Amino acid sequence: MTSTTTSGRAPMTDGATISWTRLEGTVEAPPVVLLHGGPGLADGLRDVAPLVEGLAPVYRYDQRGTGGSPWEGRHTFALHIADLVELLDQWGAERAVLIGHSYGASLASRFVLAHPDRVAALLLLCGPNVGDWRAGYQAERDRRMTAVQQERLRTLQKLPERTEEQETELLTLSWFTDHADLERGWEWAAQSAATRRANRPMNAELGKEGHADLLDDHLDEIRACLPAKTEILSGVCDPRPIACLEELAARWRVPLTRIEDAGHEPWLEQPETVRGHLRRFVHTAVTE
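Residues numbered from 1 in each chain as written. Predicted model: local features only at pLDDT ≥ 70, side-chain atom pairs only at ≥ 80, totals over all residues. Heavy atoms only, no water.

### Structural notes on the environment of Trp188
Here's step 1: If you trace the backbone, Trp188 turns up in helix H6 (residues 182–195).
Here's step 2: Classification of Trp188 by relative accessible area gives buried; the value is 15%.
Here's step 3: Expressed as a C-alpha distance, the spacing of Trp188 and Leu268, which sit 80 residues apart in the sequence, is 8.6 Å.
Here's step 4: Not counting residues up to four positions away in its chain, the partners in contact with Trp188 are His179, Leu268 and Glu269. (Helix = DSSP H or I, 4+ residues; strand = E, 2+ residues; numbered from the N terminus. Buried < 20%, exposed > 50% of the residue type's maximum accessible area, 1.4 Å probe, protein only. Contact = heavy atoms within 4.5 Å.)

Structure follows, in structure tokens:
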């Protein structure tokens, strides 16, 4: 299959500009929109878009303040939700199939609550993180690291300023435990850390708002807004406890697919399995 890719820069009403990319599809509506994780990191779903190409147009974009979408102002959930509304309008999409990864799953959930009429189907990938997940996540991260690695990470985190080399090392140490295969995970984390940088003020602002306005407090409201086709998919070996997603799936009465031998980016470790699930989901969503 020969991919046709287009890209552009979408002006927002407040002066921001959002950088986006589109893979063409066989049908025009509704498109698939990928919401990347973070918050504060640029789009990391470049390898996910081709898994569903050909079924529908597939959009991904750098959230404002990341990658090709620079922004120096405040960050709020309402602002990021408004960005997606404007993007859908500019793309001529009345509704979209949303696939949100990690923090992107949280953003997708908040978007559904605010604009249920704009969501044709919803796939939550390795998120959202709700319930009492943090302690288990930290314990599992520590278990996957050596004592030397743990100490080095703490040392780097305490530095008031870091060189590019130190920042790359910190991110690699922070991310390699996301994978089931720690040796390959180190390679993937190092590759990502070499090119991606965190917008730490953005991360702090959205993190603070997330603590003040917990997604957990809106779960019943969100359930009432979910599209008929809603699913959760996660790697069994994600250090974030999958039990929290199992509880969420039961509460929302939606299917949860568990990907064995895969972590927080399951498409890297089990690409064919993830591809099969995503294509089934998208095909059904755009044809029913």
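On we go.
### Regarding H6
Here's step 1: Taking 1.5 Å as the rise per residue, H6 with 14 residues should run 20 Å; its terminal C-alpha atoms sit 20 Å apart, in good agreement.
Here's step 2: Residue Asp181 occupies the N-cap position of H6, its side-chain oxygen lying 3.1 Å from the main-chain nitrogen of Glu183. (Expected span 1.5 Å × (residues − 1). Polar contact = N/O pair within 3.5 Å; in protein donor to acceptor, adjacent residues only side chain to side chain.)

### Details of the pattern of salt bridges
Here's step 1: Summed over the entire model, instances satisfying the criterion amount to 20 salt bridges.
Here's step 2: Residue Glu231 is joined to Arg280 by a salt bridge in which the shortest nitrogen-to-oxygen separation is 3.0 Å. In this pair, Glu231 sits in strand S7 (residues 230–235) while Arg280 sits in helix H11 (residues 271–287), placing the two residues 49 residues apart along the sequence.
Here's step 3: Connected through salt bridges with shared partners, the residues Asp14, Arg64 and Asp83 form a single ionic network. (Salt bridge = Lys/Arg side-chain N within 4 Å of Asp/Glu carboxyl O.)

### Section: empty space enclosed by the protein
Here's step 1: Scanning the model with the defined rule gives two cavities of 30 Å³ or more in all.
Here's step 2: Each pocket or cavity is described by its volume, and for the largest cavity that value is around 70 Å³.
Here's step 3: Forming the boundary of the largest cavity are Cys126, Pro128, Asn129, Val130, Trp133, Ser234, Asp238, Arg240, Pro241, Cys244 and Leu245.
Here's step 4: Class assignment of the residues belonging to the lining of the largest cavity gives a composition of seven nonpolar, two polar and two charged.
Here's step 5: As a volume, the second largest cavity reaches approximately 30 Å³.
Here's step 6: Around the second largest cavity, the lining residues are Leu123, Glu231, Ile232, Leu233, Thr257, His277, Arg280 and Phe281. (1 Å grid on protein atoms, 1.4 Å probe; cavity = no way out; pocket = protein on both sides within 12 Å on 5 of 7 lines; lining within 4 Å. Points joined across faces, edges and corners; volume = space filled by probe spheres on them. Nonpolar A, V, L, I, M, F, W, Y, C, P; charged D, E, K, R; others polar.)

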